[in-house]
Amino acid sequence: QNLAYVADAQGRYAESLGHHELVRGLFQAIGGGLGEAETLGNVGWCHALLGDYQLARECCDQALALAAKLGGGNFEHAIWDTLGYIEHHLGNFAVAAAHFESALALSRDNSDALIEASILIHLGDARYAVGELPQARQAWQHALAIYDDIQHPNAGNVRAKLASTQK
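Bear in mind that the values here come from a model prediction, so they are computed numbers and not experimental data. (Residues numbered from 1 in each chain as written. Predicted model: local features only at pLDDT ≥ 70, side-chain atom pairs only at ≥ 80, totals over all residues. Heavy atoms only, no water.)

Engineer: I would appreciate a short explanation of the overall build of the protein in the present structure.
Structural biologist: Tallying secondary structure elements over the protein gives nine helices and zero strands in all. The order of α-helices and β-strands along the protein, N terminus first, is α-α-α-α-α-α-α-α-α. Compactness check: the protein gives a C-alpha radius of gyration of 16 Å against a globular reference of 15 Å for 167 residues, within 12% of the reference. C-alpha atoms of the protein, sized along the principal axes, occupy 55 × 30 × 30 Å. Burial statistics for the protein: of 167 residues in total, 41% are counted as buried. Accessible surface computed for the protein: about 8400 Å², of which carbon and sulfur atoms make up 53%. Taking the average place of the 10 positive charges on the side chains of the protein and the average place of its 19 negative ones, the gap between the two points comes to 7 Å. (Helix = DSSP H or I, 4+ residues; strand = E, 2+ residues; numbered from the N terminus. Rg over C-alpha atoms; globule rule 2.2 N^0.38 Å. Buried < 20%, exposed > 50% of the residue type's maximum accessible area, 1.4 Å probe, protein only. Areas by Shrake-Rupley, 256 points an atom, 1.4 Å probe, with all protein chains shown as cover. Lys, Arg positive; Asp, Glu negative; His and termini not counted. Charge placed at Lys NZ, Arg CZ, Asp CG, Glu CD.)

Listed below in structure tokens is the structure:
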């Protein structure tokens, strides 16, 4: 899994996909469980990054179904975020925003400010794409508050989004 995460961070998505597929096979060999569901979500993310949105959606749907069958996991926000990413890239911005809202609700259960800020940025981008400027700015402002609170270097990028949308 760590090899997959490193490859992903370096933009080597096909290599990351290969590692995630290997991990998924290992989870299946020992009985699957939530580890398989989480890894299936990661496989979906890699397919999305590689532009195969249909296969990515199928993997995410399977991951969510498996997680629900097993009582849920603390990774489902990432799958909803991936589904939002897919719909955003397909031009289905309202659907993307709904998926990002689901991801946001689940991320708050995990109390991870960085993940919450990232999803808020995605939500703002989707809201902006459908012309919902006040809602976009609200999401970005919330993300900026989180980034400013922890002095995160991405705060400048969010400030730029806000500045570019001022009237």
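Engineer: So what exactly am I meant to see when it comes to helix α4 (residues 53-69) here?
Structural biologist: For an α-helix the count is 3.6 residues per turn, leaving residues at separations of three or four pointing the same way. Between its first and last C-alpha, α4 extends 24 Å over 17 residues, near the 24 Å set by a 1.5 Å rise per residue. Within the sequence span of α4, burial applies to Y53, A56, R57, C59, C60, A63, L64, L66 and A67. The secondary structure elements touched by the buried residues of α4 are α3 (33-49) and α5 (76-89). (Expected span 1.5 Å × (residues − 1). Contact = heavy atoms within 4.5 Å.)

Engineer: Would you explain the packing of aromatic side chains in this entry?
Structural biologist: For any pair of aromatic rings, geometry is given as the distance between the ring centres together with the angle between the planes. Enumeration according to the criterion identifies two aromatic pairs in this entry. Relative to Y85, the ring of W45 lies with its centre 4.9 Å away and its plane at 65 degrees, an arrangement referred to as edge-to-face. Linking W45 in helix α3 with Y85 in helix α5, this pair joins segments that are 40 residues apart in sequence. Pairing Y128 with W140 gives two aromatic rings, centres 5.8 Å apart and planes at 40 degrees, and the pair type is tilted. (Phe/Tyr/Trp six-rings, centres within 6.5 Å; stacked < 30°, edge-to-face > 60°.)

Engineer: Help me out: how do you make sense of the packing of α4 against α5 in this one?
Structural biologist: The axes of two packed helices give the description: the angle between them and the distance between them. One way to put it is that α4 packs onto α5 with a least axis distance of 10 Å and a crossing angle of 155 degrees. Overall, the two elements α4 and α5 adopt an arrangement that is roughly antiparallel. For α4 against α5, the interelement crossing comes out left-handed. Here Y53, A56, R57, C60, D61, A63, L64 and A67 of α4 come into contact with α5, specifically with E76, I79, W80, T82, L83, Y85, I86, E87 and H89. Partitioning the contact of α4 with α5 into residue classes produces 11 nonpolar, two polar and four charged. (Axes fitted to C-alpha atoms, helices over the stretch in contact; angles between N-to-C directions. Parallel < 35°, antiparallel > 145°, perpendicular 65-115°, else oblique. Left-handed = near helix turned anticlockwise from the far one by under 90°. Nonpolar A, V, L, I, M, F, W, Y, C, P; charged D, E, K, R; others polar.)

Engineer: For this particular structure, what's the right way to read the side chain of N42?
Structural biologist: Among the structural elements, N42 can be located in helix α3. Contact partners of N42, with chain neighbours within four places excluded, come to Q1, Y5 and H20.

Engineer: What exactly am I supposed to notice about the pattern of salt bridges here?
Structural biologist: When the charged atoms of two side chains lie near each other, side chains of opposite charge can form a pair. All told, the structure shown has eight salt bridges when counted by the stated rule. R108 is paired through a salt bridge with E116; the nearest N and O atoms lie 2.9 Å apart. In this structure, R127 and E132 form a salt bridge, with 3.0 Å as the shortest nitrogen-oxygen distance. With relative accessibility at 26%, the residue E132 sits in the partly exposed group. (Salt bridge = Lys/Arg side-chain N within 4 Å of Asp/Glu carboxyl O.)

Engineer: Please explain helix α2 (residues 13-29) as it appears in this structure.
Structural biologist: Given a rise of 1.5 Å per residue, 17 residues ought to cover 24 Å, and the 24 Å separating the end C-alpha atoms of α2 matches this to within 8%. Taken together, the buried positions of α2 are S16, L17, H20, V23 and R24. One face of α2 carries all of its buried residues, which in axial projection span an arc of 125 degrees. Exposed residues lying more than 90 degrees from the buried face of α2 are A14, L22, L26 and A29. (Arc of directions from axis to C-beta.)

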